[in-house]
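# Structural features, examined
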Amino acid sequence: MQLLGNIEARTDSKGRVFLPAAFRKELQTSGSGGLVLRKDVWQPCLTLYPESSWNELMSALRLRINRWNPHHQQVYRQFLCDVEMVSVDSSGRILIPRRLLDATGIGQTLRFIGMGDYIEIWSGEKTEEPFINTEDFRRELAALMDCSPQQPPRKEGSDE
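## Here we look at the overall build of the chain
Per the secondary structure count, the chain includes five helices and eight strands. Written out in order from the N terminus, the α and β elements of the chain read β-β-α-β-β-α-α-β-β-α-β-β-α. Looking at the chain as a whole, 33% of its 160 residues are labelled buried. Partitioning the contacts of the chain with sequence separation of at least 6, the portion at a separation of at least 24 is 56%.

## Section: a nonpolar patch on the surface
A contiguous nonpolar patch, built from Ile132, Phe137, Leu141, Leu144 and Met145 and spanning about 540 Å² of accessible area, is present on the exposed surface. Inspection of the secondary structure puts Ile132 in the loop between strand S8 (119–123) and helix H5 (134–144).

## Some words on the side chain of Ser123
Relative to the assigned elements, Ser123 resides in strand S8. On the basis of relative accessibility, which here comes to 2%, the residue Ser123 falls in the buried class. Here the side chain of Ser123 touches Glu125 through a polar contact of 2.9 Å, side chain to side chain. Not counting the four nearest positions on each side in its chain, Ser123 is found in contact with Gly105, Ile106, Thr109, Leu110 and Arg111.

## Re the pairing of S8
Of all five residues in S8, five are buried; the element is thus mostly enclosed. Looking at chain direction, strand S4 (residues 46–50) and S8 are connected through three bridges and run antiparallel. The residue of S8 that forms the bridge with Leu48 is Ile119. As paired strands, strand S7 (residues 109–116) and S8 are joined by five bridges and run antiparallel to one another. Looking across to S8, one finds that Leu110 is bridged to Ser123.

## A look at the nonpolar core
The nonpolar side chains of soluble globular proteins are, as a tendency, buried together. One finds Leu48, Ile96, Phe112 and Ile121 to be the most contacted residues of the largest nonpolar core, which totals 20 residues. Put simply, the parts of the chain that give this core at least two residues each are strand S1 (3–10), helix H1 (21–30), strand S3 (35–39), S4, helix H4 (98–104), S7 and S8. In contact with Leu48, other than residues within four places in its own chain, are Leu19, Leu35, Val36, Leu37, Val86, Ile94, Tyr118, Ile119 and Ile121. Core analysis: the next-biggest nonpolar cluster, separate from the first, contains eight residues, Val36, Ile65, Phe79 and Tyr118 among them.

## Digging into the sheet that holds S7
Strand order in the open sheet formed by six strands is S1-S7-S8-S4-S3-S5, and the pairing between neighbours is antiparallel. Strand pairing shows two members of the sheet lacking a second neighbour, S1 and strand S5 (83–86), which therefore form its edges. With strand direction ignored, the average angle separating the axes of adjacent strands in the sheet is 20°. The pairing of S3 with S5 spans four bridges and is antiparallel. Bridging across to S5, Leu35 finds its partner in Val86.

Definitions and limits used
- Residues numbered from 1 in each chain as written.
- Predicted model: local features only at pLDDT ≥ 70, side-chain atom pairs only at ≥ 80, totals over all residues.
- Heavy atoms only, no water.
- Helix = DSSP H or I, 4+ residues; strand = E, 2+ residues; numbered from the N terminus.
- Buried < 20%, exposed > 50% of the residue type's maximum accessible area, 1.4 Å probe, protein only.
- Contact = heavy atoms within 4.5 Å.
- Patch = residues over 30% accessible without salt bridge, like charges linked within 9 Å, V, L, I, M, F, W, Y side chains within 5 Å.
- Areas by Shrake-Rupley, 256 points an atom, 1.4 Å probe, with all protein chains shown as cover.
- Salt bridge = Lys/Arg side-chain N within 4 Å of Asp/Glu carboxyl O.
- Polar contact = N/O pair within 3.5 Å; in protein donor to acceptor, adjacent residues only side chain to side chain.
- Pairing = 2+ DSSP bridges.
- Core = buried A, V, L, I, M, F, W, Y, C linked by side-chain atoms within 4.5 Å.
- Axes fitted to C-alpha atoms, helices over the stretch in contact; angles between N-to-C directions.

Shown next as structure tokens:
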């Protein structure tokens, strides 16, 4: 599944928003069932998971949770308390509960950012918040890929 893009949208007075057509098409093509929406753990945004991606995430979490450990149970409970099952209506909209919009500071304008196997939903008013500046991005990407920004990665099979 390749949920990619950076698309602006607007909610209506009830909190409904059109799921961008590119995302709807990808979800239909992949045969994904429902959608799972939750407040992100780290950032002031929402995360929208196709059911298949959510199930993988939950499987990974369950493998690390000891149900006999009260602390693990509290973390698990808190992780799940902000979860909403949502569906795309016949018009192509999803309903974002008011409590989740309020918890993330998302108003009428929002931004969908495709993250590969899930979608982030950010406030449209905070256009720079999801991103870092260009120089920091380059440096962090180079570090992540384990190469210096001054030294491009070597091409496979080259003697350089």
